[in-house]
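# Coordinate inspection notes
Here are the chains, one letter per residue:
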Amino acid sequence: MAHCGSCGPGYKTPLDAMKGPREELIYVPCIYRNTGINQPDYLATVDVNPKSAQYSQVIHRLPMPNVHDELHHSGWNTCSSCFGDTSKVRNKLILPCLISSRVYVVDVGTDPRAPRLHKVVEAEDVKKCGLGNLHTSHCLASGEIMISSLGDPDGNGKGGFVLLDGETFEVKKNWEVDGHAAPFGYDFWYQPRHNVMISTEWGTPKVLREGFKVEDVAAGHYGRQIHVWDWTEHTRIQTLDLGDDGQIPLEIRFLHNPDAEEGFVGCALRSSVFRFYKEKDGKWATEKVIQVPAKKVQGWALAEMPGLITDILISLDDRFLYFSNWLHGDIRQYDITDTRNPKLVGQIFLSGSILNGGPVTVQEDKELKCQPDPVTVKGKRIPGGPQMIQLSLDGKRLYVTTSLYSAWDKQFYPDMIRDGSVMLQVDVDTEKGGLKLNPDFLVDFGKEPHGPVLAHECRYPGGDCSSDIWI
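Keep in mind that this is a model prediction, so the values were computed, not measured. (Residues numbered from 1 in each chain as written. Predicted model: local features only at pLDDT ≥ 70, side-chain atom pairs only at ≥ 80, totals over all residues. Heavy atoms only, no water.)

### Re the overall build of the protein
Counting its regular elements, the protein contains 6 helices and 34 strands. Expressed along its principal axes, the backbone C-alpha trace of the protein runs to roughly 55 × 55 × 45 Å. Relative to its full complement of 471 residues, the protein shows a buried share of 63%. Element-wise, carbon and sulfur atoms account for 46% of the exposed surface of the protein, whose accessible area totals about 17,200 Å². (Helix = DSSP H or I, 4+ residues; strand = E, 2+ residues; numbered from the N terminus. Buried < 20%, exposed > 50% of the residue type's maximum accessible area, 1.4 Å probe, protein only. Areas by Shrake-Rupley, 256 points an atom, 1.4 Å probe, with all protein chains shown as cover.)

### Observations concerning the side chain of Ser324
Note that Ser324 resides in strand β23 (residues 320-325). Discounting chain neighbours no more than four positions away, the residues touching Ser324 are Leu308, Ile309, Thr310, Asp311, Asp330, Ile331, Pro386, Gln387 and Ile389. (Contact = heavy atoms within 4.5 Å.)

### Quick word on the pairing of strand β13 (residues 196-199)
Burial of β13 is two-sided: the residues Val196 and Ile198 facing one way and the residues Met197 and Ser199 facing the other way are all buried. When strand β12 (residues 188-191) meets β13, the two strands line up antiparallel, connected through 4 bridges. Considered in β13, the bridge of Trp189 is made with Ile198. Summarising the sheet, β13 and strand β14 (residues 225-230) pair through 4 bridges and their orientation is antiparallel. Counted as the bridge partner of Ile198 is Val228 from β14. (Pairing = 2+ DSSP bridges.)

### Regarding the packing of aromatic side chains
Counted by the stated rule, this structure contains 25 aromatic pairs. Seen in terms of ring centroids, Trp175 and Trp229 are 5.8 Å apart; in terms of plane orientation they differ by 65 degrees. Their pairing is edge-to-face. Here Trp175 is found in the loop between β11 (171-174) and β12, whereas its partner Trp229 is found in strand β14, with 54 residues between them in sequence. Take Trp229: its relative accessible area is 0%, and that puts it in the buried class. Between Phe276 and Trp284 the ring centres are 6.5 Å apart and the planes differ by 50 degrees, which places this aromatic pair in the tilted class. Take Phe276 and Trp284: they sit in the same class, and that class is buried. Chaining the aromatic ring pairs together yields one cluster made of Phe161, Trp175, Phe188, Tyr190, Trp229 and Trp231. One residue, Arg90, lies across the ring of Trp76, its end atom 5.9 Å from the ring centre. (Phe/Tyr/Trp six-rings, centres within 6.5 Å; stacked < 30°, edge-to-face > 60°. Lys NZ or Arg CZ within 6 Å of the ring centre and 35° of its normal.)

### A few points about the layout of surface pockets
Roughly 450 Å³ of internal volume is contained in the largest pocket. Along the wall of the largest pocket there are 24 residues; nearest its centre are Val214, Leu269, Leu302, Glu304 and Pro306. If you list the elements that add at least two residues to the lining of the largest pocket, you get α4 (214-218), β21 (304-305) and α5 (406-412). At 3 residues, the largest contribution of residues to the lining of the largest pocket is made by α5. Of the residues contributing to the lining of the largest pocket, the split by class is 17 nonpolar, 4 polar and 3 charged. (1 Å grid on protein atoms, 1.4 Å probe; cavity = no way out; pocket = protein on both sides within 12 Å on 5 of 7 lines; lining within 4 Å. Points joined across faces, edges and corners; volume = space filled by probe spheres on them. Nonpolar A, V, L, I, M, F, W, Y, C, P; charged D, E, K, R; others polar.)

### With respect to the pattern of salt bridges
Tallying each qualifying case throughout the model produces 33 salt bridges. The salt bridge partner of Lys128 is Asp125, with a shortest N-O separation of 3.2 Å. Arg332 is the partner of Asp330 in a salt bridge, and the nearest nitrogen-oxygen pair spans 2.7 Å. Beyond isolated ion pairs, a larger network of salt bridges with shared partners links Lys295, Asp330, Arg332, Asp365 and Glu367. (Salt bridge = Lys/Arg side-chain N within 4 Å of Asp/Glu carboxyl O.)

### Brief notes about the sheet that holds strand β6 (residues 103-107)
Ordered in space as β4-β5-β6-β7, the 4 strands form an open sheet in which the pairing is antiparallel. One side of each edge strand has no neighbouring strand; the edge strands of this open sheet are β4 (75-76) and β7 (116-121). As paired elements, strand β5 (residues 92-96) and β6 share 5 bridges and run antiparallel to each other. Following the sheet pairing, Lys92 is matched in β6 by Asp107.

### With respect to the sheet that holds strand β8 (residues 132-139)
One open sheet accounts for 4 strands, arranged β8-β9-β10-β11; its pairing is antiparallel. This sheet does not close on itself; its edge strands, each paired only once, are β8 and β11. Taking the axes of each pair of neighbouring strands and ignoring which way they run, one obtains an average angle of 30 degrees across the sheet. Examined bridge by bridge, strand β9 (residues 145-151) and strand β10 (residues 161-164) share 4 bridges and lie antiparallel to one another. Its bridge partner lying in β10, Met146 is registered against Leu163. (Axes fitted to C-alpha atoms, helices over the stretch in contact; angles between N-to-C directions.)

### Looking at the environment of Arg270
Turning to its location among the elements, Arg270 is positioned in the loop between β17 (262-267) and β18 (272-278). Residue Arg270 is classed as partly exposed on the basis of its relative accessible area, which comes to 36%. Taking the C-alpha atoms as reference, Arg270 lies 5.3 Å from Asp245; in sequence the two are 25 residues apart. Setting aside residues no more than four positions away along its own chain, Arg270 makes contact with Asp244, Asp245, Gln247, Gln291 and Val292.

### Remarks on the nonpolar core
Counting 45 residues, the largest nonpolar core has Trp202, Trp326, Tyr405 and Trp408 as the members making the most contacts within it. Of all elements in the fold, only β1 (25-31), β5, β6, α5 and α6 (414-419) reach the threshold of two or more residues within this core. (Core = buried A, V, L, I, M, F, W, Y, C linked by side-chain atoms within 4.5 Å.)

### Quick word on empty space enclosed by the protein
Gaps left between atoms are located by rolling a probe of water-molecule size over the structure's atoms. A complete count under the given rule lists 2 cavities of 30 Å³ or more for this structure. Size it by volume and the largest cavity reaches roughly 70 Å³. Taken together, His73, Ser74, Thr136, Ser137, His138, Asp187, Glu251, Arg253, Glu457, Arg459 and Ser466 make up the full set of residues lining the largest cavity. Elements with a minimum of two residues in the lining of the largest cavity: β8 and β16 (249-254). Looking at which element gives the most residues to the lining of the largest cavity, the answer is β8, with 3 residues.

### Topic: the confidence of the model for the protein
In the predicted model, the protein carries a mean pLDDT of 96, and 99% of its residues have values of at least 70. A low-confidence stretch, residues 1-5 (pLDDT under 50), is modelled with 12 contacts involving residues beyond four sequence positions or located in other chains. (pLDDT = per-residue confidence, 0-100.)

Take a look at the structure:
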């Protein structure tokens, strides 16, 4: 956290944040939906201090008061966007629920090692905005909290935004002007110096709720567009169709520099990364800058297996882009000094669906000469594939969890349902690029008190590179 004595939460600039203290705790939502275990989801607190006797262990569990919520992503009550406001304190973690549409507000300030439930926003209050199936939460410089939706209360696609009061956490209203909601919703990122926000699309909630069917893509139930919003007027001013290669655009990241007028979006189904940027006439445009080739396979659901890019992030100095290929099983690091021509400088296979000796045989691979070997850490063979990633402030450590979404986990990685997901830590070479697995770090969520559980997105108490926005 910042220590200037006369400032608000977070850091003045992204480069200042890189000089912040090393992370000692990580909060991670743990999900029981679709595992066959009728227990509530919970927030796990993990000790990541190498000097601690409890290093890489879950030290606290905060169960939610309901079952089948599907905790997913999380955000903060306030962040570096409020750095100039001395009345603001980053002490509440916001946990929107993907399935139940509730919002849990968790007090992590009173005792960071033992969070406690502060407030529950019920789905009935969210429905007043005509929205449901909540996803990304960002704090705003106004002190409010903004949460994106995947759909309407009936499970149809609808990309809108709920505003919560930053003090009472009551639902206030929709952020978007009436009539301007997008056909689908998922993630979003705003850049006030350019008066812009850009949002992405996943799919129709009632269709994706229980699993993935490729025919639903052709039927138009999954998105392929990103939406440009006027940040001041709260109106949707431009829609950019990414085409077949841009199907299911999920995580979106502007460069951290608040003057930047460009960023990247990862597109899951065809495993591509698009750069978006502002043109001279003020309009926004896109271009594909990374393509992960599909692999021709036998023994899998389809004849070709995509990498399935499911999470991306950018280092705070805007030098490196990272993303995970959940199906292929690798994490990649790109030098984006030249944003139009990303250069692959690091890659590591951690698990995935094409492991040597498994049920899938790769018949044609444009990148690898042989199938990667299974990965074992501290005696445990890693199930699933690398999914959510979180980078340390200094950019030297990458934390990885393996659960994507319980219905898709059950469909594509039944071994992870049986054995539980894991959290791993990868060391990053920030000079020349490179990724190396830390053999001493493993959080085995297969050994939790109520049975194996699915761990998702990671957050540090002091903020991180995918929750903080500078204005």
